[in-house]
Structures are given as C-alpha cells and as structure tokens.
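Structural description and commentary
If you want the building blocks of each chain, they are given just below.
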Amino acid sequence: MLSEQDVNIVIGRDRTLFLADLESQKSQLEAKLSGANVLVIGAAGSIGGATSKLLSQLNPGVLHLVDINENELADMVRKLRITGSLSDKTEFRTYVIDVNSLSFNQFCADGRTYEFVLNRSAMKHVRSESNVYSLARMIQTNVVATNQVIEELAKASEFKYFCVSTDKAANPVNLMGLSKLVMENYAFANTSGISVSSARFANVAFSNGSLLQSFERRLQENKPLVIPKGIKRFFVSEAEAGIICVLSGVLAPHRSILVPSKEADLKLISFETIVENYLKLKGYEPDFVTYTTNIPFVDPTMKQWPVLVSEVDTTGEKPYEEFVGKDDHVRTGDFRDLSLIAKDSNPPSVSFADFKDQLVGLINSTSQSKVDYVELLSDTGAAAEYVDVGKYLDDKI
C-alpha cells in the first residue's frame with residue numbers, strides 16, 4: 001500500500017489538498033460531533049474507511065459502522081483500534097448488513113437515533129451497467145436504498161444526512177452517473193424534513209476497484225499495466241475524499257453538493273503521466289504498447305515495464321471530467337478549496353414511492369430490458385446523453 005506522500009507523487013502533486021479547510025473548520029466539527037450519535041453506511045470501503053477514521057478522531061458519543069464486507073469491516077476495526085484514535089467514551093459498534101436487505105430495513109426501523117448519518121454505500125463502476133441484473137442492483141443501491149434510509153431513520157430521529165454522489169452525475173453520459181443524479185434529486189426533495197448534503201469529487205487514487213489499484217496487483221504478479229489512451233482525469237487521495245465527506249456531512253447546508261473549487265488547484269492529469277510516475281516510483285520506465293489481447297511477457301529484471309494503451313471505445317466513457325452540470329448553480333461558502341452547488345427544490349416527475357414500485361415491477365418482469373431501466377431513470381426528469389455502443393470495460397484486460 002502506498003503512503004499518502006507516494007500517492008501525491010503518482011498523481012502529480014506535492015501536497016495534500018483540503019487540509020486548510022479541515023483545520024479552519026475543526027472547532028465547528030468538534031462542537032457538532034463531540035458526544036453526537038454518528039452512523040456511517042458503507043464504512044469499510046476505501047473512502048468510507050477514510051471518513052470513519054476522521055470521524056473517530058472527533059470524539060463522537062456513538063460511532064456505528066455498517067458494511068456488507070465482513071472482512072474489510074473487521075480490518076477497519078483493527079485499524080481504528082491500533083491507531084488509538086477512538087475515545088474510550090465512544091460507543092463503537094459494527095454491523096455486517098447489506099444496505100439492500102430486509103435486515104437493513106429492520107436495523108433502520110428499530111428506534112435507533114442519530115444526529116449525523118453519512119452514507120458511502122454505492123455501486124460506482126460504469127461496467128456494472130452492461131447487463132440488466134447488475135444495472136437493477138445499481139439503481140436499487142444508488143437510488144432506492146440511499147433514499148430509504150431517510151424515510152426509515154426519520155421515523156425515530158431528526159438528523160443531518162450525507163449521501164455521496166459522483167462527478168459522473170454532472171451532465172451524465174452513463175447510467176451510473178444518471179442513477180446518482182436521480183439519487184440527488186430524490187434526496188434533496190425528501191418530505192421527511194431531513195437536511196441532506198452531498199459531494200462530487202474526483203477519481204480516488206488507489207481506492208478499492210480502481211484502475212490505479214490494479215497497477216499494484218499487476219506489478220506484484222509480473223503482468224503488464226493497462227491504461228486508456230489520451231484520457232485525463234482529476235484525482236484525489238483516500239484521505240482527501242474522507243475530508244470532503246466529513247465537511248459536507250457535518251457542515252454543508254441542505255440541498256448542497258461540495259465540489260473542489262478553482263482555488264484547490266486540482267489539475268487534470270493523463271493516465272500516461274500517472275503510469276510513468278508510478279513506475280518511476282517502483283524503479284521502472286513505461287514501455288507503451290498498442291493494446292492487444294495477447295498479453296506480452298514481463299521480465300521484472302528489466303528496467304522497462306510494458307503498458308498496454310487502449311482506445312476509449314466502450315459504453316459510458318466520458319472523454320473529459322467535470323463537477324458542475326449545465327443546470328447547476330455554484331456559489332462560494334465557508335471553505336477555501338471547496339465550492340457549493342446549491343440545488344433547487346424541484347421534486348422528480350415521478351414520486352419516490354412510484355419509482356420504487358416501477359423498479360420492483362421491472363425486476364420481477366420476465367421481459368425486462370436495458371431500455372426499460374433507462375426510461376425508468378429518465379422519466380424522473382433527469383437528463384443524460386447516454387449511448388450504448390454494445391462494448392464494455394469487461395471486454396478488456
């Protein structure tokens with residue numbers, strides 16, 4: 001696992017971002033979180049873990065972590081315990097629960113109360129929209145389960161709610177981004193009186209399931225690395241993502257989305273530069289090779305490491321990256337390196353109850369198609385420039 005300093009080197013930076021905002025807001029964070037009841041959903045993932053770690057240092061009265069991944073959750077507990085960041089006064093509990101399960105609904109409905117709920121659970125891969133079964137679960141997780149938390153927990157307490165979004169929700173070209181845009185719209189229009197905020201941030205370098213994480217594994221296995229040709233992306237570290245989640249989840253106002261500001265000086269960086277920086281850190285130089293399914297031999301004793309460069313020709317791949325949609329309104333807030341997107345209170349064209357019923361109907365249908373799910377999302381009033389070219393990332397190495 002790379003250190004924070006090494007991650008910064010790979011993504012072309014010499015410092016960690018958002019620390020100034022964290023420091024300037026620390027007294028407010030401590031005032032709100034000290035002794036508070038806090039729930040983190042999706043707590044064992046890369047960003048959920050960084051979020052939970054930061055929250056544990058702010059002396060909550062209760063810190064409950066929920067995740068479906070039993071092993072990662074156990075490892076998360078070990079990390080928090082060994083660092084000593086958890087106060088002896090904090091009631092710390094973990095729950096291995098699927099956010100889409102009946103057990104999770106029962107968990108929410110058992111009368112428990114929280115002041116802050118941060119939901120990090122999500123299906124985040126564009127490749128998961130390649131078939132109707134994964135796509136259905138994506139919509140269930142990203143839209144329905146995320147908003148059902150509001151309905152269920154609001155029966156027992158009033159709380160501040162954070163649900164993570166994605167840069168892909170800004171002018172979406174894939175169904176993952178569209179599902180997150182629909183999630184935002186339902187959450188901000190909730191009728192339970194719950195204050196909701198969100199965040200859209202960049203690719204999280206070396207997070208679970210990311211392309212950069214595959215660099216580490218493939219290097220260990222003496223396999224070539226693979227990158228998309230000519231694509232530039234914004235990157236943040238896991239720690240930086242955790243800072244954004246906590247600042248939004250605790251301090252951002254209702255119907256707002258935190259995004260990196262121009263002052264943050266977050267720069268686009270190409271995957272060619274990323275892989276060059278990474279291999280240099282490991283003592284190698286890249287040998288860029290035109291993509292082929294015939295995997296080239298890797299000799300780890302040589303100074304050059306083969307890197308397959310793949311054309312960008314799969315469904316849902318955006319050639320550029322942005323945080324702000326064409327209908328979004330950006331304003332400055334109390335942060336230096338983060339701006340606020342202030343969302344209007346425009347409820348979706350389909351009620352949340354009807355949306356859930358229609359999704360269940362599609363899942364139970366024997367003739368469901370991808371077009372049906374696209375229409376389900378689009379009928380809410382959220383727009384996307386989606387084109388299915390019939391080729392997906394799972395078709396590549």
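Before going into details, it helps to say that this report is about the structure given with it. Quick caveat, the model's predicted, so the values are computed rather than measured.

**Regarding the pattern of salt bridges**
Summed over the entire model, instances satisfying the criterion amount to 19 salt bridges. The residue Arg13 makes a salt bridge to Glu240 at a minimum N-O spacing of 2.7 Å. Placement of Arg13 in the loop between helix H1 (4-10) and helix H2 (19-24) and of Glu240 in helix H10 (residues 238-251) is noted, with a sequence separation of 227 residues between them. We note a salt bridge from Lys343 to Asp328, for which the minimum N-O separation is 2.9 Å. Note that Lys343 is positioned in the loop between strand E16 (338-342) and helix H12 (352-364) and Asp328 in the loop between strand E14 (304-310) and strand E15 (329-331), a separation of 15 residues in sequence. For the pair shown, Lys343 and Asp328 are each scored as buried. Several salt bridges share partner residues, and in doing so they unite Glu184, Arg200, Asp328 and Lys343 into one network.

**Some details on the side chain of Glu216**
Inspection of the secondary structure puts Glu216 in helix H9 (residues 211-220). Among the residues examined, Glu216 registers a relative accessible area of 15% and is labelled buried. A polar contact of 2.5 Å, which involves the side chain of Glu216, links it to the side chain of Tyr278. Setting aside residues no more than four positions away along its own chain, Glu216 makes contact with Met1, Leu2, Phe206, Tyr278 and Lys282.

**Regarding the pairing of E16**
Burial within E16 is extensive, with 4 of its 5 residues counted as buried. Across 5 bridges, strand E11 (residues 256-260) lies against E16 in antiparallel orientation. Along E16, the bridge assignment pairs Val259 with Ser339. Strand direction decides the pairing type here: E15 and E16, joined by 3 bridges, are antiparallel. Across the sheet, the residue bridging to Arg331 is Leu340, located in E16. Following E15, the chain reverses through 6 residues before pairing antiparallel with E16.

Parameters at a glance
- Residues numbered from 1 in each chain as written.
- Predicted model: local features only at pLDDT ≥ 70, side-chain atom pairs only at ≥ 80, totals over all residues.
- Heavy atoms only, no water.
- Salt bridge = Lys/Arg side-chain N within 4 Å of Asp/Glu carboxyl O.
- Helix = DSSP H or I, 4+ residues; strand = E, 2+ residues; numbered from the N terminus.
- Buried < 20%, exposed > 50% of the residue type's maximum accessible area, 1.4 Å probe, protein only.
- Polar contact = N/O pair within 3.5 Å; in protein donor to acceptor, adjacent residues only side chain to side chain.
- Contact = heavy atoms within 4.5 Å.
- Pairing = 2+ DSSP bridges.

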